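Report on the structure
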Amino acid sequence: MNLVKNLNRITSIIITVINLIWTEHWISLFHDYYFTKILWLYMYPNWVLILNISIGLIGIYIGFRLIKNNIHIFKALSIVITLLILGLLVSYYVPS
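So, a few notes on the structure that sits alongside this text. (Residues numbered from 1 in each chain as written. Predicted model: local features only at pLDDT ≥ 70, side-chain atom pairs only at ≥ 80, totals over all residues. Heavy atoms only, no water.)

Let us look at the nonpolar core. Ranked by internal contacts, the top residues of the largest apolar core, which has 20 residues, are Trp26, Leu29, Tyr44, Leu49 and Leu66. The set of elements that each furnish at least two residues to this core consists of helix H1 (2–35), helix H2 (46–67) and helix H3 (73–92). Once you skip the residues sitting within four places of it in the chain, Leu29 turns out to touch Trp40, Tyr44 and Leu49. (Core = buried A, V, L, I, M, F, W, Y, C linked by side-chain atoms within 4.5 Å. Buried < 20%, exposed > 50% of the residue type's maximum accessible area, 1.4 Å probe, protein only. Helix = DSSP H or I, 4+ residues; strand = E, 2+ residues; numbered from the N terminus. Contact = heavy atoms within 4.5 Å.)

Okay, here's the thing in structure tokens:
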């Protein structure tokens, strides 16, 4: 039982850190687009920025639920991986 608890804790920390980095990246892009005087060659639409920020926040929430053992590890990993792949696909194949 202790091994499963440690595995859940390590996995939840990894999920939370990855999603914190993901969210910070997209929030910093959103901030740089509207509050700096940088002339961008390509800008993501607002809906892509908001979608990816939301994906990161959902991933952080799932990581916290995994820490408290409210969700199974395989379910958490499948949701987070699916959301991150969706975010990558939307961000790289969106028309400008």
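There's more to say after this.
Under the counting rule described, the total for this entry stands at six aromatic pairs. Judged by centre distance (6.2 Å) and plane angle (50 degrees), the rings of Trp22 and Trp26 are tilted. Remark: Trp26 and Trp22 occur in helix H1; sequence separation between them is four residues, near one turn of the helix. Among the residues examined, Trp26 registers a relative accessible area of 4% and is labelled buried. Relative to Tyr34, the ring of Tyr33 has its centre 6.5 Å away and its plane inclined at 80 degrees; by these criteria the two rings are edge-to-face. On the accessibility criterion, Tyr34 (42% relative accessible area) is partly exposed. (Phe/Tyr/Trp six-rings, centres within 6.5 Å; stacked < 30°, edge-to-face > 60°.)

Time to look at unusual backbone geometry. Even without being glycine, Asn69 reaches a positive phi, approximately 60 degrees. On the secondary structure map, Asn69 appears in the loop between H2 and H3. When its relative accessible area of 40% is taken as the criterion, Asn69 is described as partly exposed.

Axes are the key here: two packed helices are described by the angle between their axes and the distance separating the axes. Contact geometry of H2 with H3 gives a least axis separation of 10 Å together with a crossing angle of 170 degrees. Between H2 and H3, the interaxial angle falls into the category roughly antiparallel. For the pair H2 and H3, the crossing hand works out as left-handed. Only Ile73, Ala76, Ile79, Val80, Leu83, Leu84, Leu86, Gly87, Val90 and Ser91 of H3 make contact with H2, whose side of the interface consists of Trp47, Val48, Leu51, Asn52, Ile55, Ile58, Gly59, Ile62 and Leu66. (Axes fitted to C-alpha atoms, helices over the stretch in contact; angles between N-to-C directions. Parallel < 35°, antiparallel > 145°, perpendicular 65-115°, else oblique. Left-handed = near helix turned anticlockwise from the far one by under 90°.)

The residue Lys37 is located in the loop between H1 and H2 in this model. Sequence separation between Lys37 and Leu57 is 20 residues, and the spatial gap between their C-alpha atoms is 28 Å.

The next subject is the side chain of Thr16. Mapped onto the elements of the fold, Thr16 is located in helix H1. Using a relative accessible area of 9% as the deciding quantity, one classes Thr16 as buried. Polar side-chain contacts of Thr16 include one of 2.7 Å to the backbone oxygen of Ser12. Leaving out residues up to four positions away in the same chain, Thr16 has contacts with Ile60, Gly63 and Phe64. (Polar contact = N/O pair within 3.5 Å; in protein donor to acceptor, adjacent residues only side chain to side chain.)

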